[in-house]
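# Residue-level structure breakdown
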Amino acid sequence: MKDQSSNSWEARADAHSFYGFTDLPTIESRGATVLTHGEGPYVFDVHGRKFLDANSGLWNMVAGFDHAGIAQAAKDQYDRFPGYHAFFGRMSDQTVMLSEKLVEVSPFDTGKVFYTNSGSEANDTMVKMLWFLHGSEGNTERRKIITRKNAYHGVTAVSASMTGKPYNAVFGLPLPGFLHLTCPHYWREGRPGETEAQFTVRLAKELEDMILDEGSETIGGFFAEPVLGAGGVIPPPAGYFQAIQPVLQKYDIPLISDEVICGFGRTGYTWGCEAYNFIPDAIISSKNLTAGYFPMGAVILGPELTNRLQAASEAIEEFPHGFTASGHPVGSAIALKAIDVIMNEGLADNVRKLTPYFENHMQRLLEHPNIGEARGKGLMGALEAVQDKSNKMPFASNLSVSERIANTCTDHGLICRPLGQSIVLCPSFVFTENHIDEMFEKLEAALKQVFAEVA
Ligand SMILES: *Cc1c(COP(=O)(O)O)cnc(C)c1O
C-alpha cells in the first residue's frame with residue numbers, strides 16, 4: 001500500500017485518480033507528473049520543472065499552451081452565452097457559424113455537420129448514421145464496419161471495436177461485425193521482394209476479397225486514418241487510397257476519413273485526404289478542431305451522405321441522436337478561433353516550413369544502428385527501435401526500450417511518447433527550429449544512453 005500520509009502531489013494523484021493508458025510499473029517507480037501550466041510548447045510541473053512537450057499534449061495542443069486569442073474567445077463566449085444544447089431545433093449562433101466554416105474548409109462542395117464531445121463519439125455517431133441510413137434504404141444487413149489493424153478510432157464500445165489493437169481483447173472487443181484488414185505499413189508488412197506498389201495492390205485485393213467473402217450487401221462502411229496516428233505514425237504506401245477507393249465505390253461502401261489527428265494542419269495540409277489526394281464520403285474531426293482548448297468532435301458529411309441521412313431522418317421525422325453538450329457554444333466559439341489561428345495566423349504555414357527541417361533530423365537519427373525506421377508526414381513522426389537492423393528484429397518487450405527512452409527524455413526535460421517499440425514525435429505548430437533542435441538533442445542523448453544499456 002502507498003504511503004497515504006504523504007501529502008505529495010504524486011501520492012495524492014495515486015490515491016484518488018485512475019490512470020488511463022498509463023504504464024503502471026513506470027508510475028510505481030517514478031510517480032505521476034503533475035502539471036500546473038504551460039508556456040508556448042512547454043509545460044511546467046508542481047516542482048517547477050520545465051518540459052518541452054514533443055507530443056502537443058495528446059496531438060491536439062497545436063497552438064501551444066498559452067494562446068491568448070483562443071483563451072479570449074472562450075472568455076468572451078462564457079460571458080455572452082456559456083452553454084446550450086443543439087436539440088429540438090435550437091442551437092447557438094456560434095454553432096451555426098462553425099458548421100458553415102467546417103463545410104467551407106472541407107473538401108466537399110456542400111455538406112452538413114454533427115457535433116460530439118470527442119473523436120470516439122464522432123466515430124460512434126458516424127457508425128450509427130450509416131446503420132440508420134442503410135436500414136432506412138432497406139439495406140438492414142449493411143452493418144459490418146471495415147478498418148485496419150493498428151488503426152486507432154477511439155475507446156467507446158463501437159470505436160474501440162473499430163480500433164485494431166490487441167489490448168481491446170480484455171474488454172471482449174471487438175463487437176461482432178467489426179473487421180480488420182492488414183495494417184498498411186510497407187516496412188513491417190511488405191513481403192520479401194515485394195515492391196511498395198505491389199504491396200498496395202495486395203492490400204486492395206485483400207479488401208475486395210474480404211468484401212466478397214462477407215457479402216458486399218453486409219458491409220456498412222470503411223474507416224481509415226490517412227496516416228495511422230496512435231498505431232505508430234504510419235503513412236500509407238504509395239497509391240493506397242487510389243487503389244482502395246474504387247473497390248469501395250464498386251460495392252457502394254462509404255469511405256470515411258478519420259481526420260482526428262491529420263485534420264487541421266498536422267500533415268502540412270488542411271486534411272490528410274488532401275495530402276493523399278482523395279475525397280472521402282465523410283470526415284471525422286476532433287483534437288486540433290479546438291486546438292485542445294475544449295472537448296469537441298465533429299462528423300462532416302459530404303453531399304451524398306448528407307442527402308441520404310436527410311432522407312432517412314425525414315422518413316421518421318427525426319434523427320434520434322445527440323449528446324447534451326453537442327455543438328456547445330463555448331466549444332464552437334473556440335473552434336472558430338482555433339481554425340482561424342491555425343489556417344490564417346501562420347500555424348499551418350509553420351508546419352510546412354518546419355517539415356523539411358524536422359525530416360532531416362529524423363533521417364539523421366536513422367543512421368543509428370538501433371533505429372530501424374524513421375517515418376512520418378508533416379509534423380508527425382515515429383522512430384522505431386530495433387535490436388537488429390538487418391532483419392528488423394525488435395527488442396525483447398520485457399526490456400521496455402521505448403518506455404525507458406521516454407522516461408530518460410522526461411528526466412532531461414522532454415516529453416515524448418513510447419508507442420510499441422517506437423517513439424512518437426508530434427510537436428505543436430508553434431515550434432521553432434530551436435525547439436526542434438532541443439527536442440532532437442534531448443532525444444538523441446536518451447537514445448544513446450538506453451541503447452548502450454540494452455545493446
Ligand atoms: C484520438 C483519436 C480518436 C479518439 O478521440 P477521443 O477524443 O480521444 O475520443 C479517434 N480517432 C483518431 C484517429 C484519434 O487519433
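Residues numbered from 1 in each chain as written. Predicted model: local features only at pLDDT ≥ 70, side-chain atom pairs only at ≥ 80, totals over all residues. Heavy atoms only, no water.

### Things to note about helix H14 (residues 401–411)
Of all 11 residues that make up H14, eight are buried, and the element is covered over most of its length. Those residues of H14 lying buried are Val401, Ser402, Ile405, Ala406, Asn407, Thr408, Cys409 and Thr410. One or two positions beyond H14, positive phi appears at Gly413, with a value near 85°. (Buried < 20%, exposed > 50% of the residue type's maximum accessible area, 1.4 Å probe, protein only. Helix = DSSP H or I, 4+ residues; strand = E, 2+ residues; numbered from the N terminus.)

### Brief notes about the domain arrangement of the protein chain
When the domains of the protein chain are assigned, the result is domain 1 (33–66 + 346–454) and domain 2 (70–344). Facing the 35 residues of domain 1 at the interface are 29 residues of domain 2. Together domain 1 and domain 2 conceal approximately 2600 Å² of surface at their shared face, both sides included; 62% is due to carbon and sulfur atoms. Scanning the region where domain 1 abuts domain 2 turns up one salt bridge. One can count 17 residue pairs in polar contact (both at pLDDT 80 or more) joining domain 1 with domain 2. Those elements that place two or more of their residues in the side of domain 1 that touches domain 2 are helix H13 (347–365), strand E11 (371–377), strand E12 (380–385) and strand E14 (417–419). (Domains from an automatic or database assignment. Contact = heavy atoms within 4.5 Å. Buried area = accessible area lost by both parts, 1.4 Å probe. Salt bridge = Lys/Arg side-chain N within 4 Å of Asp/Glu carboxyl O. Polar contact = N/O pair within 3.5 Å; in protein donor to acceptor, adjacent residues only side chain to side chain.)

### What to know about the pattern of salt bridges
Per the stated rule, a full pass over the model turns up 19 salt bridges. Across the pair Glu304 and Arg308 runs a salt bridge, and its minimum N-O distance is 3.0 Å. Of this pair, Glu304 and Arg308 are both found in helix H11 (residues 303–316), four residues apart, which corresponds to roughly one turn of the helix. On the accessibility criterion, Glu304 (47% relative accessible area) is partly exposed. Via salt bridges that share partners, Arg188, Glu373, Arg375 and Glu384 belong to a single interconnected network.

### Some details on the sheet that holds strand E6 (residues 178–181)
Pairing in this open sheet of seven strands is mixed, and the strands run E4-E10-E9-E8-E7-E5-E6 from one edge to the other. The open sheet is flanked by strand E4 (112–116) and E6, the only strands paired with a single partner. Strand-to-strand twist across the sheet, computed as the mean angle between neighbouring axes with direction ignored, equals 20°. Pairing of strand E5 (residues 144–148) with E6 involves four bridges; the strand directions are parallel. Considered in E6, the bridge of Arg148 is made with Leu181. Together, E4 and strand E10 (297–301) form the strand contacts of helix H4 (residues 93–105), whose direction differs from that of E4 by roughly 120°. (Pairing = 2+ DSSP bridges. Axes fitted to C-alpha atoms, helices over the stretch in contact; angles between N-to-C directions.)

### Re the side chain of Asn350
Looking at the secondary structure, you find Asn350 in helix H13. Only 2.8 Å separates the side chain of Asn350 from the backbone oxygen of Phe431, close enough to count as a polar contact.

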